[in-house]
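Listed here are the chains, written in short residue letters.
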Amino acid sequence: MHDTTPPPSVPDFTQWPSFPFEGDLRVKHLDEPVPVEPPRKGEGLRECIACNAPDDAYIWVGERWRVRAMDRPTGLPMVLILESRSHLDLGDLPNLLAAELGVMTVRLERAIRSLDGVARVHVNRWGDGSAHLHMWFLARPYGRLQLRGTFLSLWDSILPPISESQWRENLAHVAAWLAEFGGRPLAEPPRIQWQTPSSLAAQSSAEAAAAAAGEAVSVIESVEETPVPAPEEAGTDLLPEGTSPVLSEETSLGTPGGVHRDPDVGGTWHSGAGDLPEDDASDPASGSGSDQTEGTGGTDPDRAAATGPGQTGGTGETGSSVAVGGSDAAERPGKATEG
């Protein structure tokens, strides 16, 4: 039964310059809360999309983290998703992965901000559609002041998509940046089409028409953020509140290395062969856990002082020995980043 009281008045933010819509608006009635929330993707018996995705669906992969893009260009210069390999949500991360999440967030933000025409990078986490940890990185175009603030994900669906070639070039740039610290870049720049000027013009027109005809999936339309229908609409049995779903080893995407238990959380997490035990990462400041590297080239004692393209030795996916700021900005691809 719906609430019969009048809906509240339209809030003031509808008058902000960043609000994407205009005209007569009204607030929807708020539905009654459901007694049991439906399981998200990756909970209960629902299949996890991230766990079933192969590495070649991503632009960069490491032992414990992967980065992927949308399936086609959208309105913003760059939209990327950072995911953990292990089937964990944000609050379930053990200390090692929690520390690495901070380093990966800063690293990926700087990689995206090094792209031409990017002013800011918005980092978001919603998680109402999928139980597998995924962090969104949205690039705001430089000079587009109307896109500032909390409505950037809406504008991504409204703006015309960027060109396919520019999109692929941006993906390859970010993947190469991340690979300087470890992991494998899987995104490749677009191939050069050797054609006459008239053929290039025709091809450009054809690409623009194809982009306009294609239905690009934006941030708010992605499957990771699409809530499961309400129980009466879904028609599926739901787990009682407080029941923990049982996830088989096949449904959690982890590299060989066994199952470890985090004493702080009480859950299980699947780690890769290169993952460190919990005790080694309990104090990131001591350098005992986060100094471990993902690569196989050993540890360079000078890497903590200067990190960037051209450094040798072990290249780790995260860690205090992999500095992501400071004087290394001039050595990296793209423009110099902010301090």
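Please read these numbers as outputs of a predicted model, since none were measured by experiment.

(A) Quick peek at the sheet that holds strand β6 (residues 184-185). Pairing is antiparallel across the open sheet formed by six strands, whose spatial order is β4-β5-β3-β2-β1-β6. In this open sheet, the two strands that pair with only one neighbour each are β4 (118-124) and β6. Taken together, the five bridges between strand β2 (residues 65-69) and strand β3 (residues 79-84) define a ladder with antiparallel strand orientation. When the bridges of β3 are listed, valine 67 appears paired with leucine 82.

(B) How the structure looks around the environment of leucine 159. With respect to the helices and strands, the residue leucine 159 is situated in the loop between α3 (152-158) and α4 (164-179). Each C-alpha atom of the pair leucine 159 and glycine 75 lies 4.5 Å from the other, and the pair is 84 residues apart in sequence.

(C) Examining the pairing of strand β5 (residues 134-141) more closely. The buried fraction of β5 is high, at eight of eight residues. Side-chain alternation along β5 places His134, Trp136, Leu138 and Arg140 on one buried face and Met135, Phe137, Ala139 and Pro141 on a second face that is also buried. Strand direction decides the pairing type here: β3 and β5, joined by five bridges, are antiparallel. From the neighbouring strand, leucine 82 faces β5, where its bridge partner is methionine 135. Of the strand pairs in this sheet, β4 and β5 are connected by six bridges, and their pairing is antiparallel. Bridge pairing in β5 links valine 121 to alanine 139.

(D) Looking closely at the packing of aromatic side chains. Applying the stated criterion across every chain yields a total of six aromatic pairs. With 5.7 Å between their ring centres and 80° between their planes, phenylalanine 19 and phenylalanine 21 make a pair best called edge-to-face. Judged by relative accessible area, phenylalanine 19 falls into the buried class, the value being 12%. Between phenylalanine 19 and phenylalanine 151 the ring centres are 5.4 Å apart and the planes differ by 80°, which places this aromatic pair in the edge-to-face class. Taken together, the residues span a long stretch of sequence, with phenylalanine 19 in the segment before α1 (49-52) and phenylalanine 151 in the loop between β5 and α3 at a distance of 132 residues.

(E) Broad picture of the nonpolar core. Judged by nonpolar contacts, the single largest core of 31 residues is most densely connected at Ile59, Leu80, Leu82, Leu108, Ile112 and Val174. Counting only elements with at least two residues in this core, the list comes to β2, β3, α2 (95-113), β4, β5 and α4. What leucine 108 contacts, discounting residues up to four positions off in sequence, is Val67, Leu80, Leu82, Phe137, Val174 and Leu178. Core analysis: the next-biggest nonpolar cluster, separate from the first, contains 12 residues, Val79, Phe151, Leu152 and Val219 among them.

Each value, and the rule that gives it
- Residues take numbers from 1 onward in each chain, read along the sequence in its written order.
- Reporting of local features is limited, given that this is a predicted model, to residues whose pLDDT is at least 70; pairs of side-chain atoms are given and counted only at 80 or more, and all residues count toward the totals for whole chains, interfaces and linings.
- Excluding hydrogens and water, the side-chain values take into account all heavy atoms of the structure.
- A pair of strands is considered paired only if DSSP assigns at least 2 bridges between the two.
- Strands here are runs of E lasting at least two residues and helices are runs of H or I lasting at least four, both read from the DSSP assignment and numbered beginning at the N terminus.
- Throughout, exposure labels follow a simple rule: accessible area from a 1.4 Å probe, protein chains only, divided by the maximum for the residue type, with under 20% read as buried, over 50% as exposed, and the rest as partly exposed.
- Stacked, edge-to-face and tilted are the three classes for Phe, Tyr and Trp ring pairs, Trp counted by its six-membered ring, which pair at centre distances within 6.5 Å; planes under 30 degrees apart are stacked, over 60 edge-to-face, the rest tilted.
- In plain words, nonpolar cores are sets of buried Ala, Val, Leu, Ile, Met, Phe, Trp, Tyr and Cys residues tied together by side-chain atoms within 4.5 Å.
- Contacts between residues were defined by any pair of non-hydrogen atoms, one from each residue, lying within 4.5 Å.

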